Amino acid sequence: MSAGPVKVSVFGKTDLGRTRDHNEDTFLVADLSSGNASLLPEVREHEIGPRGSLFMVADGMGGAAAGELASEMAADLIYRHLSTAWAQDEDASPARFAFRMKEAVELANQQIYGYAREHPEVRGMGTTVTAAGVFGEDLYLTQIGDSRGYLVRAGTAIQLTRDQSLMQRLVDAGELTQEEAEQSERRNIILQALGPDPRVKVDLSRQVLRRGDTLLICSDGLSGLVKREEFADMVAAHDDLPSLCTALIDLANERGGPDNITVVAVRFDGEGLPEPDAAEDVGYHGYEVPGSDPEDTLTEPVVQPPLAHRAIEAVAEPQPSRTRGLVIAIGLLVLAALLLLVLL
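Model, not experiment: these values are computed from the prediction.

Calculation notes
Numbers given for residues are sequential positions, taken from 1 along each chain in its written order. The predicted origin of the model limits local features to residues at a pLDDT of at least 70 and limits the giving and counting of side-chain atom pairs to 80 or more, whereas totals for whole chains, interfaces and linings rest on all residues. Side-chain descriptors were evaluated using all non-hydrogen atoms of the structure, hydrogens and water having been removed beforehand. Throughout, exposure labels follow a simple rule: accessible area from a 1.4 Å probe, protein chains only, divided by the maximum for the residue type, with under 20% read as buried, over 50% as exposed, and the rest as partly exposed. Helix and strand labels come from DSSP, where a helix needs a run of H or I of at least four residues and a strand needs a run of E of at least two; each type is numbered from the N terminus. Strands were regarded as paired on the criterion that DSSP finds at least two bridges between them. In this analysis a 1.4 Å probe is tested at points of a 1 Å grid over the protein atoms alone, and where it fits but cannot get out there is a cavity; an open set with protein on both sides within 12 Å along at least five of seven lines is a pocket; lining residues have an atom within 4 Å of a point. Grid points are joined across faces, edges and corners, and a volume is the space filled by probe spheres set on the points. In this classification, Asp, Glu, Lys and Arg are treated as charged, Ala, Val, Leu, Ile, Met, Phe, Trp, Tyr, Cys and Pro as nonpolar, and every other residue, Gly included, as polar. All axes here are fitted lines through C-alpha atoms, helices being fitted over the stretch that makes contact, and every angle between N-to-C directions spans 0 to 180 degrees. These descriptions rest on fixed angle ranges, namely under 35 degrees for roughly parallel, over 145 for roughly antiparallel, 65 to 115 for roughly perpendicular, and the rest for oblique. Crossing handedness follows the turn of the near helix against the far one: under a right angle anticlockwise gives a left-handed crossing, and clockwise gives a right-handed one. Throughout, a residue-residue contact means that at least one pair of heavy atoms, one from each residue, lies within 4.5 Å.

Q: Would you mind showing me how to read the pairing of strand β11 (residues 203-208) here?
A: Regular strands show a simple pattern: their side chains alternate between the two faces of the sheet. By the criterion of burial, β11 is predominantly enclosed, with 5 of the 6 residues buried. As paired elements, strand β7 (residues 138-144) and β11 share 6 bridges and run antiparallel to each other. From the neighbouring strand, Q143 faces β11, where its bridge partner is D203.

Take a look at the structure:
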């Protein structure tokens, strides 16, 4: 734990958007030391206690009320596990906190999957989840799906999470550029979610916090319409966190608001955090819990059959790099034929 206090200011907000008839997003903020999960004043402004704090966004899918139920269950189950098993754990170390974060997401998946099997009317329901746990000066993020976490430090926004999506996989493989992926009709296809399958691989990462950092966790109803650089601009323009959340949601709605929009904004301060150092590496850093099986800790998005996320159909489109590869292959065949003719 840090030598001095780490102070937290937090606010969260969710919005229906412009086209949806119900909201499948859920967010949660909690002081795990006091056992208070709410937006009451004592949580909106608190110090990180001996059991840390939790901030979460979940984006449900499944149609009707299934997505809404899945995201609410995820938030409730993850918080409940941390407020019981972690709160009573005799080992109050950072590594144990990270383990309990990962464990909470895995157990939530099992229970959502089991519930869906027992209730055919919601079979196939699922949800993304990005849960951020703060312990001392360490920020741990557990990721399933494509809700995102950004850190704004010294006027720059950095994405801390990696989307578990088809587009991210193609970008990582060099098949698409980031710009092409952002414009793709298939950008909403995710590779895994909580609920549809009996097991998930949780992407666990870690970032050391600094004084003045602002964490933004959001569903893709926001990140799909607001560019990374704009998050930094909005943080600079809105010192008040409720105003910041409202401004971000308003911006997404001005650009069409085709999906539910949710954001949790967290600002960190206090003597327990050092000042930012420009030489420090900020970004996605996969974290392996000490003593755990490396196969159980995800550092690359797991490849599974894609899920049609939020009822957006996958539209076939040409892949630029694959097209270039096909042209090269045809050229080589033509060249081989010409050489064969010369030899004959």
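Q: Even after reading the chapter, I still don't get the layout of surface pockets, so can you show me in this structure?
A: Gaps between atoms show up when a probe of the same size as a water molecule is rolled over them. When its volume is computed, the largest pocket comes out at roughly 900 Å³. Of all elements in the fold, only β8 (148-153), α4 (166-172), α5 (178-183), α6 (220-223) and α7 (228-237) reach the threshold of two or more residues within the lining of the largest pocket. Per-element tally for the lining of the largest pocket: the top contributor is α5, with 4 residues. Residues belonging to the lining of the largest pocket are distributed by class as follows: 7 nonpolar, 11 polar and 14 charged.

Q: Help me understand the packing of α7 against helix α8 (residues 241-254) in this model?
A: The N-to-C vectors of α7 and α8 enclose an angle of 140 degrees; their axes lie 9 Å apart at closest approach. Considered as vectors, α7 and α8 are oriented oblique to each other. Relative to α8, α7 is oriented so that their crossing is right-handed. Of α8, the residues touching α7 (which contributes F231, M234 and V235) are L244, A247, L248 and L251. When the residues that make up the contact of α7 with α8 are grouped by side-chain class, the tally is 7 nonpolar, no polar and no charged.

The analysis is restricted to geometry; functional conclusions fall outside its scope.
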